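Reading the structure
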Amino acid sequence: MPDSFQPQPEHRFTFGLWTVGNPGGDAFGQPVRRKLSPVEIVHLLAEIGAYGVNLHDNDLVPIDATAAERDRIVAEFKKALQENGIVVPMATTNLFSDPVFKDGAFTANDAAVRAYALHKTMRAIDLGVELGARVYVFWGGREGSESDAAKNPLDAGKRFREAINFLCEYVRDQRYDLKFALEAKPNEPRGDIYLPTTGAMLGFIATLDHPDMVGVNPEMAHEQMAGLNFMHAVAQAWDAGKLFHIDLNDQNFCRYDQDFRFGSHNMKQSFFLVKFLEDVGYAGSRHFDAHAYRTEDAEGVKDFARGCMRTYLILKDKAARYNADAGIQALLKEIHAGDSAMAQFFGPYSSEKATALKAHTFDRITLGSRGMHYERLDQLVFDLLMGVR
Ligand code: GLT
Ligand code: MN
Ligand code: MN
C-alpha cells in the first residue's frame, strides 16, 4: 500500500551514476556487485522514482574513448534519459581516479598535469551542458598533500584560483548557462585536502574574478568527518546566497568517508537539516551522494536508494509537524517573550540608539539565572521524531 512518502519529481531527488552504480569495492576488498551500465542505472532510477542522475565525465565516457565512441555512448544515454523521464541537473569531472592526478589536478606541481586538468574539465563541461546540466561541481579530492615539504599551500591556492577563473571565463565564452559549485572535504584520498570545509570554500569564492558564478556543494559526511555541524555550514552557505547544490548522506563522526544512506546515522541532525532546507525554501537538487553497504546485492542497492528518499520525506513531514506543534511553538514563544522590549536597541546603528543603549540598566543577575527550557524543548523534538508525540 503506497503511503505519502513516495518520491515525486518536484522533490528533486537525484543520485550520481557513481552512487547507485557503486559496486562495493573498498580499500581492503574487491567489488561485490556487478557494475551497472549508465543506461541500466537510468532505468533503475526511473523504477525507484528519482528525478535525476548526475555524473562525472568518466562515469559515462571512458577516459580513453575515441570521439566516435563518445558520441555513440552519449546518444544511447540521452535516449535512455528521454525514455525514462530522467534529467541530468549536475555534472562534474573525474580529476582523482587516474594516476595522472596522483599529486592533484589544478594544484598539481607538474604544470603539464595542471594543463591536462583544464583540458579535461573543459571537455567535461561541454558534455555536462550537452546533457542539460545547470550546475557543475568541483570536488578536489586529490588537491592536497601528505607532506607540506612537497607543496606550498599558497601556490596551491593560487593555482586553484587561476583554474576556476579560467573555467569561469570558458563558460562565459561559450555562453553556457552554468554555475559552479565547490565541494569541500577535509581529507581522503589525500592526507590533507586544501580548502577543507564549506566555510573555507566560501572564503575562497570571494577572491575569484566572477564570484557570482560560483557557490558551494556542501556534503553532510564531509563536514562530519571534520567533526562539524553540517546544518550550520549549510546555513552559512544559504545566507551567502551560495547554496547551489547539496550532497546528502550520513556517517559516524570523525571516521573515514563512509557515505552511508541519508539519515542512517545521525537522525536528529538529519532532521534539523531537512527542516532548514524546507523552511528556507531551498529549490535545488537533493542529491544523495552515498552508496549501499558492501553487504548488499542489486536489490539492496534499491533499498538503499529508496531509503534515502523515504527518510528525507519522513523528516520533511516531521519538520511540518514541528512547525505546527502547539507545545513546541509555545515553548519557542516563551523563549522570545522579552524580545519586543529590546527591539529599540537593534537594527541599523544611530548615535541616539548607541547613547540610549549605553545608558540602559540591565538586570544581569536575573538574566543570568533564567532557565531557557532547552532540555524540555529538545525532549519534545525527540518525542516527535520517535513518533510518540
Ligand atoms: C566522490 C566524492 C564525492 C564527490 C563526487 C564528485 S565523487 O565520490 O566522494 O563526495 O561529490 O566528484
Ligand atoms: Mn563522501
Ligand atoms: Mn560529494
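Whatever comes next refers back to the structure up there.
Before going into details, it helps to say that this report is about the structure given with it. (Residues numbered from 1 in each chain as written. Chains lettered and ligands numbered in written order. Predicted model: local features only at pLDDT ≥ 70, side-chain atom pairs only at ≥ 80, totals over all residues. Heavy atoms only, no water.)

Digging into the overall build of the protein
Counting its secondary structure elements, the protein contains 16 helices and ten strands. Each principal axis of the C-alpha distribution contributes one length, and for the protein these read about 75 × 55 × 40 Å. For the protein, buried positions account for 46% of its 389 residues. If you take every contact in the protein between residues at least 6 apart in sequence, the share linking residues at least 24 apart comes to 76%. For the protein, the accessible area works out to roughly 19300 Å², and carbon and sulfur atoms hold 54% of it. On the protein, the mean spot of the 43 positive side-chain charges and the mean spot of the 53 negative ones are 2 Å from each other. (Helix = DSSP H or I, 4+ residues; strand = E, 2+ residues; numbered from the N terminus. Buried < 20%, exposed > 50% of the residue type's maximum accessible area, 1.4 Å probe, protein only. Contact = heavy atoms within 4.5 Å. Areas by Shrake-Rupley, 256 points an atom, 1.4 Å probe, with all protein chains shown as cover. Lys, Arg positive; Asp, Glu negative; His and termini not counted. Charge placed at Lys NZ, Arg CZ, Asp CG, Glu CD.)

Let's talk about the coordination of the manganese ion (ligand 3)
Each angle at a metal carrying four tetrahedral donors should ideally be 109.5 degrees, and each at a metal carrying six octahedral donors should ideally be 90 or 180 degrees. In this structure, Glu 183 (OE), Glu 219 (OE), Asp 247 (OD) and Asp 289 (OD) serve as the protein donors to the manganese ion (ligand 3), at separations of 2.0 to 2.2 Å. Here the manganese ion (ligand 3) is ringed by six donor atoms whose angles at the metal span 75 to 166°, and the overall shape comes out octahedral. When the donor residues of the manganese ion (ligand 3) are listed from N- to C-terminus, their spacing reads E-x35-E-x27-D-x41-D. A separation of 4.8 Å is found between the manganese ion (ligand 3) and the manganese ion (ligand 2), which share Glu 219 as a coordinating residue. In this pair, Glu 219 sits in the loop between β8 (214–216) and α8 (220–225) while Asp 289 sits in the loop between β10 (286–288) and α11 (298–324), placing the two residues 70 residues apart along the sequence. For Glu 219, a relative accessible area of 1% gives the class buried. (Donors = N, O, S within 2.8 Å, 3.2 Å for Na, K, Ca; no water. Tetrahedral: all angles 85-135°; square planar, octahedral: opposite > 155°, others 65-115°.)

Let's talk about the pairing of strand β1 (residues 13–16)
Burial of β1 is two-sided: the residues Phe 13 and Phe 15 facing one way and the residues Thr 14 and Gly 16 facing the other way are all buried. Looking at chain direction, β1 and β10 are connected through three bridges and run parallel. Counted as the bridge partner of Thr 14 is His 287 from β10. Pairing geometry for β1 and strand β2 (residues 52–56), over three bridges, is parallel. Residue Phe 15 lies in a different strand from β2, and its bridge partner there is Val 53. (Pairing = 2+ DSSP bridges.)

Quick look at the sheet that holds strand β4 (residues 135–139)
In spatial order, the strands read β8-β6-β4-β3-β2-β1-β10-β9; together these eight strands make up an open sheet with parallel pairing. Looking at strand neighbours, the two that pair on one side only are β8 and β9 (247–248), the edges of this open sheet. Of the pairings in the sheet, the one linking β2 to strand β3 (residues 90–92) comprises two bridges and is parallel in character. The residue bridging Leu 55 from the neighbouring strand is Ala 91, located in β3. Running at roughly 170° to β8, helix α7 (residues 198–205) makes contact with β6 (179–183) and β8 of the sheet. (Axes fitted to C-alpha atoms, helices over the stretch in contact; angles between N-to-C directions.)

As for the coordination of the manganese ion (ligand 2)
Here the manganese ion (ligand 2) is held by the protein donor atoms Glu 219 (OE), His 222 (NE2), Asp 257 (OD) and Asp 259 (OD), which lie 2.1 to 2.6 Å from it. If you list the donors of the manganese ion (ligand 2) from N- to C-terminus, the spacing comes out as E-x2-H-x34-D-x1-D.

Re the site of ligand 1
Close to ligand 1 lie Trp 18, His 56, Phe 96, Trp 139, Glu 183, Glu 219, His 222, Asp 247, Asp 257 and Asp 289. Note that an oxygen atom of ligand 1 is positioned 3.4 Å from one of the side-chain N or O atoms of Trp 18. Asp 289 has a polar side-chain atom sitting 2.8 Å from an oxygen atom of ligand 1. When the free accessible area of ligand 1 is taken as 310 Å², the share hidden by the protein chains comes to 92%. Judged by its atoms lying within 2 Å of the grid points, ligand 1 is housed in the largest pocket. Here the shell around ligand 1 is composed, by residue class, of three nonpolar, two polar and five charged. (Near = heavy atom within 4 Å. Polar contact = N/O pair within 3.5 Å; in protein donor to acceptor, adjacent residues only side chain to side chain. 1 Å grid on protein atoms, 1.4 Å probe; cavity = no way out; pocket = protein on both sides within 12 Å on 5 of 7 lines; lining within 4 Å. Sits in = over half its atoms within 2 Å of the grid points. Nonpolar A, V, L, I, M, F, W, Y, C, P; charged D, E, K, R; others polar.)

Structural notes on the pattern of salt bridges
One pass over the structure, following the stated rule, counts 24 salt bridges. A salt bridge links Asp 325 to Arg 389, with the nearest nitrogen and oxygen atoms 2.8 Å apart. Of this pair, Asp 325 sits in the loop between α11 and α12 (326–335) while Arg 389 is found in the segment after α16 (374–386), placing the two residues 64 residues apart along the sequence. It is possible to trace a salt-bridge network through shared partners that takes in Glu 47, Glu 299, Lys 302 and Arg 306. (Salt bridge = Lys/Arg side-chain N within 4 Å of Asp/Glu carboxyl O.)

Describing the pairing of β2
The buried fraction of β2 is high, at five of five residues. The side-chain alternation of β2 yields two buried faces, one formed by Gly 52, Asn 54 and His 56 and the other by Val 53 and Leu 55.

In short, the description is geometric, and any link to function would need to be established separately.
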